[in-house]
Amino acid sequence: MTALNRRTFAIISHPDAGKTTLTEKLLLTGGAIHLAGEVKARGAARRARSDWMKIEQQRGISVTSSVMTFERKGITFNLLDTPGHEDFSEDTYRTLTAVDSAIMVIDAAKGIEPQTRKLFEVCRLRSVPIITFVNKVDREGRDPFELLDEVADALALDVCPMSWPVGMGGQFEGVYDFARNQLMQPSGPSREYDDKPAQFTGIDDPKLADVLSAQALARLTEEAELAQGGYASFDLEAYRHGDLTPVYFGSALKRFGIEELINAIADHAPPPRSQPAQPEAVEPTRKDVTGFIFKVQANMDPQHRDRIAFMRLVSGTFKRGMKLVPSGHGKPIAVHSPILFFAQDRELADEALPGDIIGIPNHGTLRVGDTLSEKNDVRFTGLPNFAPEILRRVQLKDPTKTKQLRKALDDLSEEGVIQVFYPEIGSQWIVGVVGQLQLEVLISRLEAEYKVEAVLEMSPFDTARWITGPADALEAFKRISMNNLAKDRDGNPVFMARSAWDIGYQQEKNPDIAFSATRER
Ligand code: G4P
């Protein structure tokens, strides 16, 4: 096994486009789960154990990420689940730093939706190559040409149709795969795909007339010619540079297009790529082990108060028991019980290769953004903290619980659920989030996991900026701005601003100081 047969990817989509269904069908086809519905059923069982996840259930959205691994045709697929709700863009952003490619799911009736576009932009920032899946062709949808043009225009990408729907909705008679010249057709009362593709010599094969209605055949012949003539042909380099997206049509629910997607990931999606780092980017071919933490999840099992750090392995062959140095504190840790996240269960990992994700149980020593390496000679870059857009003061209902509150806020900020700011003056701690939903998660988890009841009040501040600069300038600025100063969880100085105007004003008055909306960890 080499890293060349790893494919580490995520699915990006707008809520309801069919990400959960597609995930389930990919895992089913990949052999990772055996019963349809298990992704949701397992999810429900897991949720039942943890109170705060009730929010998930009530709202029907997924706010946690997980990792699912399956093997097929000698390739190991690592699928990282990204939270679907827009409030969790920060978490999603970090997960996308850990993948080498993505599948973008679009609802055939809706086309590109706001969240699709946002997530796409994140992928583009990192040149993550994208395969497009137009889902739900078993239902009435928009004209396929219109959808292709929309993807091309909205995202400024070349599109290359790899398959074609033979009608949609009531007229749906199957999906034609251009590369393999195979037709997948619905069968039985459920109108699902039965895994029996019919082989043809091409769109002009007279045998197509035996399996398609005259109307469908005429339409396919005409559209296929236009589709193949009117768009870019597939170009591996352009796809891997993020300039072209191959487009597959299908139905996750009825299992059309699943096999093609798996083949596309196996054949075209890039193996582990190099990762940006200081002093220089790390290639997957580097011999010694390096990786970075892109997510920390506390209390996955409330009984055990465990905390799992998710590490993306960038180089080297990781072996169980290996000693790695976290950049956070520089003291080596022995990784005795790493976990690989197979869909069926957590399994102990003995060995992992670049592209793999390892869960490392720990007691708070590992943080999002940490680099782990054998020699402690490298730092991965590009996992930012974002300036929060919503700030709230935390008010305890029972003031004797200050210690518990501090612990909870530290834990949850380390996990990336919230950011916390401790003002230099006064004792009212401030939490910051990027989206409203995070506040609900916070209150709910404080109660469920830390037995702390709290309310959130309006804060006098509107936003926050990390400040850096020459020591003397920074000291002078701090002295006169004490009322607006706080420390983040790591003790970094933060300027709490009453308005965007305030930041501009301070920046003008203090040209030596940088006010940053993101802080790289
Ligand atoms: P999400 O994770 O992206 O939010 O979407 P999810 O898979 O939960 O799918 C959203 C809805 O769309 C679900 O229906 C699902 O069954 C349906 N769906 C997904 N793929 C297809 C498809 O290929 N064809 C058709 N016709 N429907 C599809 P729901 O009624 O909201 O949920 P459920 O009761 O089926 O779970």
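Worth saying up front: this structure is predicted, and the values here are computed from it rather than measured. (Residues numbered from 1 in each chain as written. Predicted model: local features only at pLDDT ≥ 70, side-chain atom pairs only at ≥ 80, totals over all residues.)

1. As for the overall build of the protein
Counted only if it meets this: Working definition: helices are DSSP H or I runs of at least four residues, strands are E runs of at least two. Numbering for both runs from the N terminus. Remark: residues whose backbone-derived C-beta atoms lie within 7 Å of one another are considered to be in contact.
Along the backbone of the protein there are 14 helices and 35 strands. Partitioning the intrachain contacts of the protein with sequence separation of at least 6 by distance along the chain shows that 72% fall at a separation of at least 24.

2. Things to note about the site of the ligand
To be explicit about the condition: For each residue, a C-beta position is placed from the backbone atoms; the residue is near a molecule or strand when that point lies within 6 Å of it. Following the grouping adopted for this structure description, the nonpolar residues are Ala, Val, Leu, Ile, Met, Phe, Trp, Tyr, Cys and Pro, the charged ones are Asp, Glu, Lys and Arg, and the polar ones are all others, Gly among them.
The local shell around the ligand holds 17 residues, among which Gly18, Lys19, Thr20, Thr21 and Leu253 are the closest. For the shell around the ligand, the element with the most residues is helix 1 (residues 19-29), which contributes three residues. Here the residues of the shell around the ligand sort into four nonpolar, seven polar and six charged.

3. Overview of the nonpolar core
The cut-off we apply is this: Put simply, a nonpolar core is a cluster of buried Ala, Val, Leu, Ile, Met, Phe, Trp, Tyr and Cys residues tied together by C-beta atoms within 7 Å. Labels follow a simple rule on C-beta atoms placed from the backbone: if 20 or more others lie within 10 Å of a residue's own, it is buried; if 12 or fewer, it is exposed; otherwise it is partly exposed.
Counting 95 residues, the largest nonpolar core has Ala102, Ile103, Met104, Phe133, Leu261, Ile293 and Met311 as the members making the most contacts within it. A total of six residues in this core trace back to one element, the largest contributor, which is strand 16 (residues 307-315). Met311 has contacts with Gly291, Phe292, Ile293, Ile357, Ile358, Ile360 and Leu372, leaving out every residue within four places of it along the chain. Formed by 30 residues, the second largest nonpolar core is a distinct cluster that contains Leu391, Val433, Val452 and Ala454.

4. A look at the sheet that holds strand 12 (residues 198-199)
To keep things clear, this is the line we draw: For two strands to be treated as a pair, DSSP must find no fewer than two bridges joining them.
What the four strands build is an open sheet, ordered 7-8-9-12; its pairing is antiparallel. Each edge of the open sheet is held by one strand with a lone partner, namely strand 7 (163-166) and strand 12.

5. Side note on the pairing of strand 5 (residues 130-135)
What counts here: The handedness rule is simple: strands pointing away from the viewer, and a clockwise path from the first strand over the helix to the second, make the crossover right-handed.
Among the six residues in strand 5, six count as buried, and that is most of the element. Where burial is concerned, the two faces of strand 5 agree: the one with Ile130, Thr132 and Val134 and the one with Ile131, Phe133 and Asn135 are both buried. Across six bridges, the pairing between strand 4 (residues 101-107) and strand 5 is parallel. Counterpart to Met104 in the pairing with strand 5 is Thr132. Each parallel crossover has a hand, and for strand 4 linked through helix 5 (residues 114-125) to strand 5 it is right-handed. As judged from the three bridges shared by strand 5 and strand 13 (residues 244-249), these two strands associate in the parallel manner. Paired with Phe133 across the bridge in strand 13 is Tyr248.

6. Structural notes on the sheet that holds strand 34 (residues 514-516)
This is how the line gets drawn: Lines are fitted to the C-alpha atoms to define the axes, a helix being fitted only along its stretch in contact, and any angle between axes, read from their N-to-C directions, falls within 0 to 180 degrees.
The eight strands lie next to each other as 30-27-29-28-32-33-31-34, forming an open sheet whose pairing is antiparallel. A single partner strand is all that each edge strand has here, and the edge strands are strand 30 (454-458) and strand 34. Strand after strand, the sheet turns through a mean of 40° between neighbouring axes, direction not considered. In this sheet, strand 29 (residues 430-433) lies alongside strand 28 (residues 419-423) in antiparallel orientation, the contact comprising three bridges. Counted as the bridge partner of Val420 is Val431 from strand 29. Most of the contacts of helix 12 (residues 436-450) go to strand 30, to which it runs at about 150°, and overall it touches strand 27 (390-396), strand 29 and strand 30.

7. Considerations on the packing of helix 1 against helix 10 (residues 258-267)
Where we set the bar: In this scheme, roughly parallel covers angles under 35 degrees and roughly antiparallel covers those over 145, while 65 to 115 is roughly perpendicular and the rest are oblique.
It is at 10 Å that the axes of helix 1 and helix 10 come closest, and there the two elements cross at 75°. In terms of orientation, helix 1 lies roughly perpendicular with respect to helix 10. Here Lys25, Leu26 and Thr29 of helix 1 come into contact with helix 10, specifically with Ile258, Glu259, Leu261 and Ile262. Partitioning the contact of helix 1 with helix 10 into residue classes produces four nonpolar, one polar and two charged.

8. Some remarks on the environment of Ala232
You can see Ala232 is positioned in the loop between helix 8 (214-230) and helix 9 (236-240). Overall, the presence of 17 C-beta atoms within 10 Å leaves Ala232 in the partly exposed class. Apart from residues lying up to four places away in sequence, Ala232 is in contact with Asp158, Val159, Cys160 and Leu244.

9. What to know about the pairing of strand 18 (residues 323-326)
Regular strands place their side chains on alternate faces of the sheet. Of the two faces of strand 18, the one holding Leu324 and Pro326 is buried and the one holding Lys323 and Val325 is not buried anywhere. Bridging between strand 18 and strand 19 (residues 333-334) involves two bridges; their strand directions are antiparallel. Bridging from a neighbouring strand, Lys323 pairs with Ala334 of strand 19. Where strand 18 lies against strand 24 (residues 371-373), two bridges are found, and the strand directions are antiparallel. Looking at strand 24, one finds that Pro326 is bridged to Leu372.

10. Side note on the environment of Glu260
Within the fold, Glu260 resides in helix 10. Residue Glu260 is classed as buried on the basis of its C-beta count, with 24 C-beta atoms lying within 10 Å. Separated by 34 residues in the primary sequence, Glu260 and Leu226 have C-alpha atoms spaced 21 Å apart. With sequence-adjacent residues up to four places away left out, Glu260 is seen in contact with Met162, Ser163, Asp177 and Tyr248.

11. A word on unusual backbone geometry
The peptide bond linking Gln278 to Pro279 adopts the cis configuration, its omega dihedral lying at 0°. Tracing the backbone through its elements, the reader meets Pro279 in the loop between strand 14 (277-278) and strand 15 (290-298). At Asp195, a position not held by glycine, the phi torsion is positive, near 65°. Here Asp195 is to be found in the loop between strand 11 (192-193) and strand 12.

12. Thoughts on the confidence of the model for the protein
As a reminder of what qualifies: Confidence scores labelled pLDDT are given residue by residue by the predictor and lie between 0 and 100.
When the pLDDT values of the protein are averaged, the result is 86; 87% of them are 70 or greater. This stretch, residues 34-65, has a pLDDT under 50; its non-local contacts, to residues over four places away or in other chains, come to 46 contacts. With a pTM of 0.80, the predicted complex shows an ipTM of 0.97.

13. A closer look at the environment of Ile357
Among the secondary structure elements, Ile357 is positioned in strand 23 (residues 357-361). Residue Ile357 is classed as buried on the basis of its C-beta count, with 27 C-beta atoms lying within 10 Å. Note: C-alpha distance between Ile357 and Phe294 (63 residues apart in sequence) is 9.8 Å.

14. Section: the packing of helix 11 (residues 402-415) against helix 12
As a reminder, the rule being used: Each crossing gets its hand from how the near helix is turned against the far one by less than a right angle, where anticlockwise is left-handed and clockwise is right-handed.
Two elements in contact, helix 11 and helix 12, have axes whose closest approach is 11 Å; the angle formed by their N-to-C orientations is 120°. It follows from the interaxial angle that helix 11 and helix 12 lie oblique. Considering the relative orientation of helix 11 and helix 12, their crossing is right-handed. In this structure, helix 11 uses Gln404, Ala408 and Leu412 to contact helix 12, whose residues at the interface are Leu442, Arg445, Leu446 and Tyr450. In the contact of helix 11 with helix 12, the residues fall into five nonpolar, one polar and one charged.

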